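Now for the letters of each chain:
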Amino acid sequence: MSDTHYLDWPFFEPHHAALAHALDAWAQAHVPQHHSADVDAECRSLVRELGQGGWLRHAVGGTAYGGMGEQIDTRSICLIRETLARHSGLADFAFAMQGLGSGAISLAGTDAQKADYLPRVAQGTAIAAFALSEPDAGSDVAAMQCSARIEGGHAVLNGSKTWISNGGIADFYVVFARTGEAPGARGISAFIVDANTPGFEIAERIQVIAPHPLATLRFTECRVPLSQRVGAAGEGFKVAMRTLDVFRTSVAAASLGFARRALDEGLARATTRRMFNQTLADFQITQTKLAQMATTIDSAALLTYRAAWQRDRGHSVTKEAAMAKMVANEGAQHVIDAAVQLWGGMGVVSEHPVEKLYREIRALRIYEGATEVQQLIIGRELLKNPPR
Ligand SMILES: Cc1cc2nc3c(=O)[nH]c(=O)nc-3n(C[C@H](O)[C@H](O)[C@H](O)COP(=O)(O)OP(=O)(O)OC[C@H]3O[C@@H](n4cnc5c(N)ncnc54)[C@H](O)[C@@H]3O)c2cc1C
């Protein structure tokens, strides 16, 4: 772990610093620097390892179900994502998706659903996925068309979901579908669909610039018992938003991890690369670049951990989490680009750490609310509650 001064910030309690240090040591021993091309196998293995290491306990709520606490501690999941992202984007992904995929159950599940799924998620023996987006309902998610017709004691799902992380390797999917209690966002419900349910299939696997398991799902007369509904009928949109609310700040933390790694790599190169009879770092123009990178990282960290701390104190963080996600995601893109520049030609060689970071960061500016959506959220919150 390079620079850990920020763990002394007043947002943290002593156990948070201990968590970050312990995970960093664990990751050095257990997370490979290079993953094999079989991304599914790598992801399954990372989930298992993270479960065995006890880290996934932080991703679920409820001590009776294997969780570390009764509620998910936002600062802990942020520190975990930041630390894992510094080591490996795939390790961060494996952790994050266990939390996001099971988040609706932690927040709104019945005791039976929690007992059935959460201990397996926490142990890393079941892989979770969160299925909200559709081909024509991404940013405008309330436009979703995937439907669930209620028939006897079952919901019958028809339609598709796309961009679903862990699609193809997940053991279960929390799926949001239109049940029609009211128009728009008020007519959506959430259901847990086990991967082996008849009528459920992987329609297509999607390859992206930073390989992760990702797929389009198809539902054809897919029947799930109503006991698999998470939360009340028609409340699915709220459940989805509550879940995203927990994890949005942690997307900022993942960016922070990528950016910190980029600064480490950039510093290492700048201080050792000799040119024109001095090192790259001796040029003031390089120092300006490094200064900008470090300042961007600290601003993002301050916003991220402010939002996490505020959420852990029980406050609403709609605006603060949006600010953190926007500044951390966009800032990390600049920091990583600067690190690639410092490395010169080496920076664009496939699988070089900064080349991997360059690909890894891109999707974070799009998923769980694109930057433009975060800007709209911040603007709307400002107009609703103008600063006094
Ligand atoms: C790698 C990856 C993993 C994902 N994992 C999941 C997952 O596990 N589960 C899941 O449900 N979804 C997942 N998604 C989907 C993701 O949430 C959507 O891609 C995202 O919501 C954007 O939707 P879209 O791709 O349809 O883009 P669109 O909604 O078409 O948006 C395109 C662009 O329009 C701009 N934009 C959007 N709204 C506005 C506005 N109001 N004003 C101006 N500009 C705007 C933004 O720049 C945005 O990038 C994932 C996506 C990716 C790329």
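This is a predicted model, so every value here is computed, not measured. (Residues numbered from 1 in each chain as written. Predicted model: local features only at pLDDT ≥ 70, side-chain atom pairs only at ≥ 80, totals over all residues. Heavy atoms only, no water.)

Even after reading the chapter, I still don't get helix H6 (residues 236-272), so can you show me in this structure?
In an α-helix, one turn spans 3.6 residues, which is why side chains three or four residues apart end up on the same side. Compared with an ideal rise of 1.5 Å per residue, which puts 37 residues at 54 Å, H6 spans 54 Å between its outermost C-alpha atoms and is within 8% of the ideal. Extensive coverage of H6 is indicated by the burial of 28 of its 37 residues. (Helix = DSSP H or I, 4+ residues; strand = E, 2+ residues; numbered from the N terminus. Expected span 1.5 Å × (residues − 1). Buried < 20%, exposed > 50% of the residue type's maximum accessible area, 1.4 Å probe, protein only.)

Just checking my understanding: could you explain the state of the cysteines for this structure?
A disulfide bridge is the covalent bond that connects two cysteines by way of their sulfur atoms. Applying the stated criterion to the full structure yields zero disulfides. With no disulfide of its own, Cys78 has Cys43 as its nearest cysteine by sulfur position, at a separation of 20 Å. Free of any disulfide, Cys146 has its nearest neighbouring cysteine sulfur in Cys222, separated by 9.0 Å. (Disulfide = S-S within 2.5 Å.)

Would you mind showing me how to read the site of the ligand here?
In the region of the ligand, 18 residues are neighbours, and Phe130, Ser133, Ser139, Trp163 and Glu372 sit closest. The contact in question runs from a nitrogen atom of the ligand to an N or O atom on the side chain of Ser165, over 2.8 Å. Coverage of the ligand by the protein amounts to 66% of the 980 Å² it exposes when considered alone. When contributions to the shell around the ligand are tallied by element, the ones reaching two or more residues are strand E3 (154-165) and helix H10 (371-384). For the shell around the ligand, the class distribution of residues is twelve nonpolar, four polar and two charged. (Near = heavy atom within 4 Å. Polar contact = N/O pair within 3.5 Å; in protein donor to acceptor, adjacent residues only side chain to side chain. Areas by Shrake-Rupley, 256 points an atom, 1.4 Å probe, with all protein chains shown as cover. Nonpolar A, V, L, I, M, F, W, Y, C, P; charged D, E, K, R; others polar.)

Is there a simple way to think about unusual backbone geometry in this case?
Backbone phi values are negative for most residues with the exception of glycine, while trans is the configuration of most peptide bonds. Backbone geometry places Asn166, a non-glycine residue, at a positive phi of 70°. Its place among the elements puts Asn166 in the loop between E3 and strand E4 (172-178). The exposure class assigned to Asn166 is buried, which follows from its relative accessible area of 1%. Phi at Glu351 takes a positive value of approximately 75°, unusual for a residue other than glycine.

Whenever I open this one, the side chain of Glu134 confuses me. Can you help?
When you line up the elements, Glu134 lands in the loop between strand E1 (128-131) and strand E2 (147-151). A residue is classified by how much of its surface remains accessible, and Glu134, at 6% relative accessible area, is buried. A polar contact of 3.0 Å, which involves the side chain of Glu134, links it to the backbone nitrogen of Cys146. At 2.9 Å, the side chain of Glu134 forms a polar contact with the side chain of Lys161. Excluding residues that lie within four positions of it along the chain, Glu134 makes contacts with Met144, Gln145, Cys146, Ser160, Lys161 and Thr162. (Contact = heavy atoms within 4.5 Å.)

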